[in-house]
Amino acid sequence: MKNIAILGSTGSIGKSALSIAKIHPDLFTISALAANTSVDLIEQQVRQFNPKLVALYDQGAASLLRQRISDLKSVDVMSGAMGISAVATIDEAELVLEAMGGSIGLLPTLEAIQSGKDLAFVNKEVLVMCGSLVQKAVKKHNVKLLPVDSEISAIFQCLPHPFQKNRIHKLILTASGGPFWKTSSDKLKDMTPEQALKHPNWTMGNKVTIDSATMMNKGLEVIEAKCFFELELKKIEVVVHAESIIHSMVEFVDGSLLAQLGVPDMRVPIQYALTYPDRLENPADRLDFSQIRQFHFEPPDFKRFPCLDLAYTAAEVGGTLPTVLSGSDEVAVDAFLNRQIGFMDIPAVLRRAMDLHDVVYEAELDQILEINRWTREITRKIIGN
Ligand SMILES: NC(=O)c1ccc[n+]([C@@H]2O[C@H](COP(=O)([O-])OP(=O)(O)OC[C@H]3O[C@@H](n4cnc5c(N)ncnc54)[C@H](OP(=O)(O)O)[C@@H]3O)[C@@H](O)[C@H]2O)c1
């Protein structure tokens, strides 16, 4: 029996993870759950999975939940950053699934690692913001970092463990191209949040869906892969594969390529992270090769999707530039969803924030936190102007 704590249990990834726990009740116990404001859904989850602890970041939502589940005497309800931290470090859990998304996950991620938990990891923003601090903590506390993001999971599945870096020629990250892959440059600026939220292949939370439309998602994954596998940037390539069936590939030095394929369904990589190195039955659909006529591949278009270009720049410069890229993107995506800026303003805002930043190398945690605060403030100012 594996004891799991889930941060972000009411989100797209969190719900899929609980659906896996539900079909394998003999394998997983849910020790703790955390979310922000989704009282109704987390109440259902608490009643179904009976965790010891539940936390809602929002104080009001936590008070309401406390009243709603007052009949469940064995469940503690906490709130705020302290509540999220308590879920991340709960004694009973051996593995934490960190699926909150964004910089809010930074401290709980580090706390989970410091308290010796293995980490099923999907919050790419945290690796982008401070990947070297996360990797240092993983090594110091000797815990496992198990990828959930489908592309990183695909590469992880193609590699032997441990792997030799000098046997890898390159990693090839596949990208669907998002909803606007066929949209011309002059039309991109008029794209609305509703259009951008219609991803052709995946159903995901709003932030990652908008990032897919700008192709920032792939840019963040390039930095995530660089950090996760500790490889040079020149060994990481992006190819657009609209079908999202090949989830990514590894090309070895002898020219052999290994790819991981499957229907686009996050339950597969989530389950693999929870059961690694074992594989179990999964309810996801199966690939039917009699129905697949063609696979398409195209190079990415850095001109129409400047966010991808910005991410490569941030990865190349390194230091705290990726921290700024990611933090600024969180604020800009929010502003786009709230119709404060247009679709093509997103890269313009990020570029300006990146230009204004003095890069710090080997930054400590307090510097990262301060740069994240500065980034949010400066991005809001840029948007306001
Ligand atoms: N969805 C996918 O298929 C997918 C694929 C690859 C990678 N990812 C990555 O996975 C992460 C999560 O994505 P998602 O699509 O699952 O996001 P999502 O659907 O927006 O869910 C976010 C979750 O985090 C919770 N949350 C937000 N702010 C919080 C806070 N301050 N304190 C505690 N909980 C908070 C939300 O709670 P409330 O419901 O209460 O707001 C919700 O449970 C992102 O980093 C994304 O890039 C997702």
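In short, a report on the structure. Everything numeric here is computed off the predicted structure, so don't read it as measured data.

## Considerations on the site of the ligand
As a matter of local geometry, the ligand sits amid 25 residues, with Thr-10, Thr-37, Ser-38, Glu-125 and Gly-205 nearest to it. Taking Met-100, its main chain carries an N or O atom lying 3.3 Å from an oxygen atom of the ligand. Relative to its unbound accessible area of 900 Å², the ligand is 85% covered by the protein chains. Taken together, the residues of the shell around the ligand sort by class into eleven nonpolar, eleven polar and three charged. Counting contributing residues per domain, the shell around the ligand is built from domain 1 (2–148) and domain 2 (163–263 + 291–384), each supplying no fewer than three.

## Topic: the packing of aromatic side chains
Per the stated rule, a full pass over the model turns up ten aromatic pairs. Between Tyr-272 and Tyr-276, the aromatic rings sit 5.8 Å apart at their centres with planes inclined by 85 degrees, giving edge-to-face as the arrangement. As far as burial versus exposure is concerned, Tyr-272 and Tyr-276 are alike and both buried. Pairing Phe-336 with Phe-343 gives two aromatic rings, centres 5.6 Å apart and planes at 65 degrees, and the pair type is edge-to-face. Phe-336 sits in the buried class, given a relative accessible area of 1%.

## Things to note about the nonpolar core
Most often, soluble globular proteins have nonpolar side chains that are buried together. With 127 residues, the main nonpolar core has Val-54, Val-134, Leu-171, Phe-229 and Leu-325 as its most contacted residues. Here this core takes nine residues from helix α6 (residues 124–141), the largest share from any one element. Both domain 1 (2–148) and domain 2 (163–263 + 291–384) contribute no fewer than three residues apiece to this core. Excluding residues that lie within four positions of it along the chain, Leu-171 makes contacts with Ile-155, Ala-225, Phe-229, Leu-231, Lys-235, Ile-236, Glu-237, Met-249 and Val-250.

## Concerning the sheet that holds strand β10 (residues 246–252)
Two pairing modes exist for strands in a sheet, parallel and antiparallel, and in both the strands are linked by backbone hydrogen bonds. Spatial ordering of the open sheet is given by β9-β8-β10-β11, a layout of four strands whose pairing is mixed. The sheet is open, and its two edges are formed by β9 (236–240) and β11 (257–261), each paired on a single side. Strand-to-strand twist across the sheet, computed as the mean angle between neighbouring axes with direction ignored, equals 20 degrees. Where strand β8 (residues 168–175) meets β9, five bridges bridge the pair, whose relative direction is parallel. Along β9, the bridge assignment pairs Ala-175 with Val-240.

## Regarding the packing of helix α1 (residues 12–23) against helix α12 (residues 267–275)
Between α1 and α12, the shortest axis-to-axis distance is 9 Å and the interhelical angle comes to 65 degrees. By crossing handedness, the relation of α1 to α12 is classed as right-handed. Residues Ile-13, Ser-16, Ala-17, Ser-19 and Ile-20 of α1 form the contact with α12, whose participating residues are Arg-267, Ile-270, Gln-271 and Leu-274. Across the contact of α1 with α12, the residue classes tally to five nonpolar, three polar and one charged.

## What about empty space enclosed by the protein?
Over the atoms, a rolled probe matching the size of one water molecule traces out where space is still vacant. Inspection of the entire model under this criterion finds one cavity of 30 Å³ or more. In this structure, the largest cavity occupies an estimated 30 Å³ of space. Lining the largest cavity are Thr-214, Arg-304, Phe-305, Pro-306, Cys-307, Phe-343, Met-344 and Pro-347. Classifying every residue of the lining of the largest cavity by side-chain character gives six nonpolar, one polar and one charged.

## With respect to the packing of helix α10 (residues 206–214) against helix α11 (residues 216–228)
Running from amino to carboxyl end, α10 crosses α11 at an angle of 95 degrees, the nearest separation of the two axes being 5 Å. The angle between α10 and α11 falls in the class roughly perpendicular. Here Lys-207, Val-208, Asp-211, Ser-212 and Thr-214 of α10 come into contact with α11, specifically with Met-216, Asn-217 and Leu-220. By residue class, the composition of the contact of α10 with α11 is three nonpolar, three polar and two charged.

Scoring rules and cut-offs
- Residues numbered from 1 in each chain as written.
- Predicted model: local features only at pLDDT ≥ 70, side-chain atom pairs only at ≥ 80, totals over all residues.
- Heavy atoms only, no water.
- Near = heavy atom within 4 Å.
- Polar contact = N/O pair within 3.5 Å; in protein donor to acceptor, adjacent residues only side chain to side chain.
- Areas by Shrake-Rupley, 256 points an atom, 1.4 Å probe, with all protein chains shown as cover.
- Nonpolar A, V, L, I, M, F, W, Y, C, P; charged D, E, K, R; others polar.
- Domains from an automatic or database assignment.
- Phe/Tyr/Trp six-rings, centres within 6.5 Å; stacked < 30°, edge-to-face > 60°.
- Buried < 20%, exposed > 50% of the residue type's maximum accessible area, 1.4 Å probe, protein only.
- Core = buried A, V, L, I, M, F, W, Y, C linked by side-chain atoms within 4.5 Å.
- Helix = DSSP H or I, 4+ residues; strand = E, 2+ residues; numbered from the N terminus.
- Contact = heavy atoms within 4.5 Å.
- Pairing = 2+ DSSP bridges.
- Axes fitted to C-alpha atoms, helices over the stretch in contact; angles between N-to-C directions.
- Left-handed = near helix turned anticlockwise from the far one by under 90°.
- 1 Å grid on protein atoms, 1.4 Å probe; cavity = no way out; pocket = protein on both sides within 12 Å on 5 of 7 lines; lining within 4 Å.
- Points joined across faces, edges and corners; volume = space filled by probe spheres on them.
- Parallel < 35°, antiparallel > 145°, perpendicular 65-115°, else oblique.

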